[in-house]
Amino acid sequence: MERLRCQRIGCNATFTEDDNPENSCTYHESGPIFHDGMKKWSCCKKSSHDFSLFLEIPGCKTGKHTTEKPVIAKPAANRNRAIPAPTSMTNVSPKDACPRCRQGFFCSDHGSQPREVIPKASNTVTSVPSESNTDVQQHHPAPVKKKVDINEPQICKNKGCGKTFTEKENHDTACSYHPGPAIFHDRMRGWKCCDIHVKEFDEFMSISPCTTGWHNASPAS
């Protein structure tokens, strides 16, 4: 039976209609709040300064998985604070209007969205490279993999990817991602790796990945 992708914010799990018991899904029922460098879930008030750790905060609600995208109400907090209005809302695309895409999670209608977690430090070299292996170390090496079936679907945890892959299809240019980290400062959002910074969260989530490498389901912490 075909496995479906749960569309609740903070879940991203796969399920089947026959295997979807109550409380199998853990999710956030409200959207995030970004203020003065702090990222906080409005539903459970849990927060973090680090964007990767923020997206790893477990959901605060449980229920059944669903393929229906939730309608996320904007948080009422700080309504009286001056917030810059978007420059234009006359030509909003379906992807921009989608509440799940706006939060940066996988959407079945609009393709993969980044689910941000700490990336594997694949470009860290502990030993000094010699002239004979310098060219080899300039490329990102294959991540250390746990023993899994080569045809088993896995979710790539590299920043900016979030795609489903199998080890059989994995190779050194299969994944496009951000080595990171994400930077939030003075209402600007961006990636240190490619030095691109924007004002709107939607624009930040749509910044194209700047690095290619192996898909990785188990990034280093």
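This text follows the structure it describes.
Keep in mind that what you see is a predicted model, and the values were worked out from it rather than measured.

Caption draft 1: Up close: the sheet that holds strand β5 (residues 38-41). Spatial ordering of the open sheet is given by β4-β5-β6, a layout of 3 strands whose pairing is antiparallel. In the strand order of this sheet, the two ends are held by β4 (32-35) and β6 (47-48), each with one partner. Of the pairings in the sheet, the one linking β4 to β5 comprises 4 bridges and is antiparallel in character. Bridging from a neighbouring strand, isoleucine 33 pairs with lysine 40 of β5.

Caption draft 2: Main features of the environment of cysteine 193. Among the secondary structure elements, cysteine 193 is positioned in the loop between β12 (188-191) and β13 (196-198). For cysteine 193, a relative accessible area of 29% gives the class partly exposed. A sequence separation of 18 residues divides cysteine 193 from threonine 211, and the C-alpha atoms of the two residues are 8.8 Å apart. With residues up to four places along the chain from it excluded, the contact list for cysteine 193 reads His178, Pro179, Gly180 and Cys210.

Caption draft 3: Structural context of the environment of histidine 35. Turning to its location among the elements, histidine 35 is positioned in strand β4. Classification of histidine 35 by relative accessible area gives partly exposed; the value is 29%. When the C-alpha positions of histidine 35 and aspartate 186 are compared, they lie 9.1 Å apart, and in sequence the two are 151 residues distant.

Caption draft 4: Summary view of the sheet that holds β12. With respect to topology, 3 strands assemble into an open sheet ordered β11-β12-β13, the strand pairing being antiparallel. Across the chains shown, the open sheet's two edge strands, defined by having one partner strand only, are β11 (182-185) and β13. In this sheet, adjacent strand axes meet at a mean angle of 20 degrees when their direction is disregarded. Here 3 bridges tie β12 to β13, and the two strands are oriented antiparallel to one another. Bridge assignment links arginine 189 to a residue of β13, and that residue is valine 198.

Caption draft 5: Looking closely at the packing of aromatic side chains. Overall, the coordinates contain 2 aromatic pairs when judged by the stated rule. Ring centres 5.8 Å apart and planes at 65 degrees place the aromatic pair phenylalanine 34 and phenylalanine 54 in the edge-to-face group. Here phenylalanine 34, found in strand β4, pairs with phenylalanine 54, found in helix α1 (residues 51-55); they are 20 residues apart in sequence, far enough to count as distant. Side by side, phenylalanine 34 and phenylalanine 54 carry an identical accessibility label, which is buried. Residues tryptophan 41 and phenylalanine 54 carry aromatic rings whose centres are separated by 4.8 Å and whose planes lie at 20 degrees to one another, so their mutual orientation is stacked. Within this pair, whereas tryptophan 41 is found in strand β5, its partner phenylalanine 54 is found in helix α1, the two being separated by 13 residues in sequence. Take phenylalanine 54: its relative accessible area is 1%, and that puts it in the buried class.

Calculation criteria
- Residues numbered from 1 in each chain as written.
- Predicted model: local features only at pLDDT ≥ 70, side-chain atom pairs only at ≥ 80, totals over all residues.
- Heavy atoms only, no water.
- Pairing = 2+ DSSP bridges.
- Helix = DSSP H or I, 4+ residues; strand = E, 2+ residues; numbered from the N terminus.
- Buried < 20%, exposed > 50% of the residue type's maximum accessible area, 1.4 Å probe, protein only.
- Contact = heavy atoms within 4.5 Å.
- Axes fitted to C-alpha atoms, helices over the stretch in contact; angles between N-to-C directions.
- Phe/Tyr/Trp six-rings, centres within 6.5 Å; stacked < 30°, edge-to-face > 60°.

Structural measurements only, silent on function.
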